[in-house]
Structures are given as C-alpha cells and as structure tokens.
Amino acid sequence: MTSPQPSSSPHRAARHPLPHRVAPAGPTSFGDHLRTWRQQRHLSQLELADEADISTRHVSFMETGRTNPSRDMVLRLCERLAIPLRERNALLVAAGYAPMYRERALDDPALAAARQAVELVLKGHEPCPAIALDRCWNVVAANQAAQALLAAHVSPALLAPPINVFRLSLHPDGLAPRIANLAQWRAHLFERLRQQIQATADPALIALQAELQQYPTPPDASPLVLDGEMLGVVMPFCFESVHGMLSLISTTTIFGTPVDVTLQELAVESFFPADAFTAQVLREMTQTPS
C-alpha cells in the first residue's frame, strides 16, 4: 500500500524519541515451554493431565525433561492449552521435531485467495476506514479512507514501516493530541493488549506494552463523556479531524480455521460511523480528489 504522507515537522519527533525495546528471552527446552504455558493457563499438573488424558506423572516427567514427548503428544498438549500456531512450532522444535505450521508473507502465491479476501473487505468497506493488521498491530494493508485518517498530524518517525497502530494512537507525536476521549481509548487499547498477551505470551507484545506505558498519560485521568458514545455497548474512537469531530466504532474480522501462522495472526479492523455527521464526512472524503 502507499504510506500516508506525514504532515508534521521532523523536529517534533526528536522531543519524543521512540524507545528501543528488546523482547525478553523465552523458554528454551520443551519442559520449560510446557511449564510456562501450563502456568499461563492457570492449570495445575493434575488439571492438564486430566485435559490431555494422561497421568500427572507423565506431565511432571515432560516438564523436568525425564521424558521426551512424541510428536502427537506435543500437538495434543498444544491443543488442550490453546497455544497459538507460532508457539506450537516452537514447542515442536524444542521437542526435536520439525515445525508443522508454515509462516508465509501475505503476498506469497499460496495465500492468494486469503489476500484477495482481505483486499475485498478493505475495498468494500469504503468510504469507511479499514486496516489489516499483523499480530503486533502493524499495518499490513489499508484502504484509502484509513490512509487519509492515519496521515493527520503524525511524526515521520511513526509513519516509517511498519506502522504500528497502537504507537500511532498513543504517541504524543501521533494521533493522541487529536483523540478527544484519549483516556478512554488508551484504557481500551491497553485492555486489548493485555488480553492478547494473556492469550499468547508473545514477547514482542510484552515489549510493545512496556514501550506504550512510557508514553505520557492524558492530563485528565477521568474518562470523558461525549454525546453518542454508547457507553457500556462499544468504545468509540472520537477523533478531531480537519473536518470536525469524527466518532467511529470498530469490529474485528479474523480467519476462521487457519493452518498458517500468518493467517491466524491477521486481523481486519473495520471502522463504522457512530453518528450522522461522521457518515457524511466519510462519504465526502471519498468523493474529494486527494
């Protein structure tokens, strides 16, 4: 896709440099992997043994390295623990087996049908913005409406690929100064990130969370209450654009039964107008030559 053109000056980015984060080291042996995921899912050895229909002793021996699991056992444990495909490969390798799930770029010919489906969703959602994201919330593709919104008053450093939507939203040189309900939106994004870390234990997401926590918090910690927010139903994204206040809500689309790492981690975030004014502005934006 064509990256949005920055509209802010480079000297703003120098005041708020992007922190460099190193992902924490993860487990190395199969036993360490298994113990980490069992604890991540808040299961005792007895509970995991019941789930996998094996003995507690077998679980204990695998965690301590006294028993090397079969390939089928590794896959069974991964299924019972709901481990993402990327981490299932890591467990297979740690146990001495070849990885099972491929990870291909979205432009790989084997993913042509999936790529066309994503492009169809993005294009069909116009004049409303929609973006395709990878597991770390980096933009993989975006329709024209999304590119127009992402380009507003953002530091060039934040627009260098890969564009991370969390960083773009919360960095002081990003969209944060233009988000009217920043306190609410920030809490919403952090909760989504927390849930994803809880589900995946992804070191890259943990590093992203640590980076975002260093950004300035909104001056007013109390949530704003704006007209049409539909509190208790959805969390709106209230954005002060050059056209006026836009209020958007979003839905997330994922692939149903992927057997490819890339597809399992791909999500399409589609935004919808939450009021008549926003709907009108989005229609006019698509009719106006860029």
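A few points on the structure.

What counts, and where the lines are drawn
- Residues numbered from 1 in each chain as written.
- Predicted model: local features only at pLDDT ≥ 70, side-chain atom pairs only at ≥ 80, totals over all residues.
- Heavy atoms only, no water.
- Helix = DSSP H or I, 4+ residues; strand = E, 2+ residues; numbered from the N terminus.
- Buried < 20%, exposed > 50% of the residue type's maximum accessible area, 1.4 Å probe, protein only.
- Contact = heavy atoms within 4.5 Å.
- Areas by Shrake-Rupley, 256 points an atom, 1.4 Å probe, with all protein chains shown as cover.
- 1 Å grid on protein atoms, 1.4 Å probe; cavity = no way out; pocket = protein on both sides within 12 Å on 5 of 7 lines; lining within 4 Å.
- Points joined across faces, edges and corners; volume = space filled by probe spheres on them.
- Nonpolar A, V, L, I, M, F, W, Y, C, P; charged D, E, K, R; others polar.

## A closer look at the overall build of the protein chain
Helix and strand counts for the protein chain come out as 13 helices and five strands. Looking at the protein chain as a whole, 45% of its 290 residues are labelled buried. By sequence separation, contacts in the protein chain at least 24 residues apart represent 63% of the contacts at least 6 residues apart. Entry remark: accessible area of the protein chain is about 14800 Å², with carbon and sulfur atoms responsible for 56%.

## What to know about the environment of L159
Mapped onto the secondary structure, L159 falls in the loop between α8 (144-150) and α9 (165-170). When its relative accessible area of 6% is taken as the criterion, L159 is described as buried. Each C-alpha atom of the pair L159 and G174 lies 9.2 Å from the other, and the pair is 15 residues apart in sequence.

## Side note on empty space enclosed by the protein
Scanning the entire structure with this criterion turns up one cavity of 30 Å³ or more. In this model, the largest cavity occupies a volume close to 300 Å³. Every residue lining the largest cavity is counted, 19 residues in all, and those nearest its centre are I131, L150, V165, S169 and F271. Taken together, the elements giving at least two residues each to the lining of the largest cavity come down to β1 (130-133), α8, α9, α10 (182-200) and β5 (267-273). Residues belonging to the lining of the largest cavity are distributed by class as follows: 16 nonpolar, one polar and two charged.

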